[in-house]
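# Survey of secondary and tertiary structure
Chain residues, written in single-letter form:
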Amino acid sequence: RYFSSQLQSEQKRRSSFGIAFDIDGVLLRGKDPIGGSPQALRRLYGDSGNLNVPFLFLTNGGGIPESRRANELSELLGVKIVPSQVLQGHSSFKSLLKRYENQLIVATGKGEPAVVMSEYGFKKAVSLEEYASCFENIDPLAPYKMWTTKLGLDRSSPPLNTVPRYDVSSETVKAVFVISDPVDWGRDIQVLCDVLRCGGLPGQDNGHQPQPPLYFAADDLEYQAAFPSNRLGTGAFRIALESVFNRIHYNPLEYVSFGKPNPFVFKNAEAMLKQLQPSYHSDYFKEPGDSGSQSFKTLYMIGDNPSVDVKGAQQAGHPWFSILTRTGVFRGKHNHAEFPADLVVDTVEEAVDYILGREC
Ligand code: G3P
Ligand code: MG
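Structural notes, computed from the coordinates. Just so you know, these numbers come straight off a predicted model, no measurement behind them.

## Topic: the coordination of the magnesium ion (ligand 2)
Within the protein, Asp22 (OD), Asp24 (O) and Asp304 (OD) serve as the donor atoms for the magnesium ion (ligand 2), at 2.1 to 2.2 Å. Spacing between the donor residues of the magnesium ion (ligand 2) along their common chain follows D-x1-D-x279-D. On the criterion of sequence distance, the pair formed by Asp24 in the loop between strand S1 (17-21) and strand S2 (28-29) and Asp304 in the loop between strand S13 (298-303) and helix H11 (306-316) is long-range, its members being 280 residues apart. Judged by relative accessible area, which is 22%, Asp24 ranks as partly exposed.

Take a look at the structure:
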């Protein structure tokens, strides 16, 4: 009888709820914690430092592998974060591995785009910077870019440390991945237009070639960074690329955006949260046929961007419950008109207070 009541309470505890935290504008602004985020996260751990409440980070940002982001977040927020708790915009690209594992792909965005894709298993991932360096004069503005000439780099020859690992100049690019906010919009728009309008072989008139698939890790028009007002995000770059491409090409640009609000991302987060349930690895509490994880009654998405975080949770449906903070993109007094959240609070600390009060 003792065992059975212990089992019941354990099952109740592990099946009830989990939390997905947005990063920019909820936990951090730039690299600074906001809204009492370190204290809020600490409450999700027990005295021994074990995770009591399954939670993860669901961000549209990225640029470095999840393992490195986990270390960075651990330092900034003062709690121990493991890589499986980090879902970035580009994490969904892993689902495309089978299709492009051995194909030449070009990746762009701040950080280390080729390293990110190589870590996922893509064997022929080349950064756009490396790729562009194979084509003389592909960016006519390169000599005027003071940030490169200041470093003493001669841009008429391949930049140091970015010599391509493959001879890519004559090989067709099979897909393009924008993994995070591009750094040099001018160069990237130029080179991507070249790649996409010529069927993956820049500088050649190949007749009407199909556009190689283009994938974006996110489509945020704006996001909250360190500057007081919102900054332009990957979605703004997508609009710029699309506007130019559609003026110079007979077919409109085709693309797929991953990241929130794509429902795929919320399904993925739910699956990861199941694995983070405290007793997931405990055979002691498993019944015959029990895979070790149970359905959640509620999953909380805490975000700052109505059209990304709240819309995503709404589209994902049960068991998602959206909480909107006022520390980022959204600053309204009341709820958002188009994508109203289930709850609006000032800070992430208030959100965690509410959740723990409701659940425990
Ligand atoms: O570049 C980051 C931005 O797109 C949003 O990040 O954490 O608010 O989803 P986050
Ligand atoms: Mg955000």
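And the narrative resumes.
## Observations concerning the pattern of salt bridges
Two side chains carrying opposite charge are able to pair once their charged atoms lie near each other. If you walk through the whole model with that rule in mind, you get 16 salt bridges. Asp309 is the salt-bridge partner of Lys260, the closest N and O atoms lying 2.8 Å from each other. Pair noted here: Lys260 is in the loop between strand S12 (256-257) and helix H10 (263-276) and Asp309 is in helix H11, with a separation of 49 residues, a long-range link. Given a relative accessible area of 2%, Lys260 falls into the buried group. On the accessibility criterion, Asp309 (2% relative accessible area) is buried. As a salt-bridge pair, Glu270 and Lys267 come within 3.7 Å of each other at their nearest N and O atoms. With Glu270 and Lys267 both in helix H10 and 3 residues apart, this pair spans about one turn of that helix. Judged by its relative accessible area of 13%, Glu270 falls in the buried class. We classify Lys267 as exposed; its relative accessible area is 55%. Within this structure, Asp22, Lys260 and Asp309 form a network of salt bridges that share partners.

## Here we look at the pairing of S13
Among the 6 residues in S13, 6 count as buried, and that is most of the element. Residues Thr298, Tyr300 and Ile302 point to one face of S13 and Leu299, Met301 and Gly303 to the other, with burial holding for every one of them. In the sheet, S1 pairs with S13 via 5 bridges, with the strands oriented parallel. Residue pairing across strands places Gly18 opposite Leu299, the latter belonging to S13. This β-α-β element, S13 to H11 to strand S14 (residues 320-325), shows right-handed connectivity.

## Section: the pairing of strand S8 (residues 175-178)
Burial of the side chains of S8 extends over both faces: Ala175 and Phe177 are buried on one face and Val176 and Val178 on the other. In terms of strand pairing, strand S6 (residues 105-108) meets S8 through 4 bridges, oriented parallel. Residue Thr108 lies in a different strand from S8, and its bridge partner there is Val178. Examined bridge by bridge, S8 and strand S9 (residues 214-216) share 3 bridges and lie parallel to one another. Note that in S9 the partner of Val178 across the bridge is Phe216. Of the crossover connections in this fold, the one passing from S8 over helix H8 (residues 185-197) to the parallel S9 is right-handed.

The rules behind these values
- Residues numbered from 1 in each chain as written.
- Chains lettered and ligands numbered in written order.
- Predicted model: local features only at pLDDT ≥ 70, side-chain atom pairs only at ≥ 80, totals over all residues.
- Heavy atoms only, no water.
- Donors = N, O, S within 2.8 Å, 3.2 Å for Na, K, Ca; no water.
- Helix = DSSP H or I, 4+ residues; strand = E, 2+ residues; numbered from the N terminus.
- Buried < 20%, exposed > 50% of the residue type's maximum accessible area, 1.4 Å probe, protein only.
- Salt bridge = Lys/Arg side-chain N within 4 Å of Asp/Glu carboxyl O.
- Pairing = 2+ DSSP bridges.
- Right-handed = clockwise from strand over helix to strand, strands pointing away.

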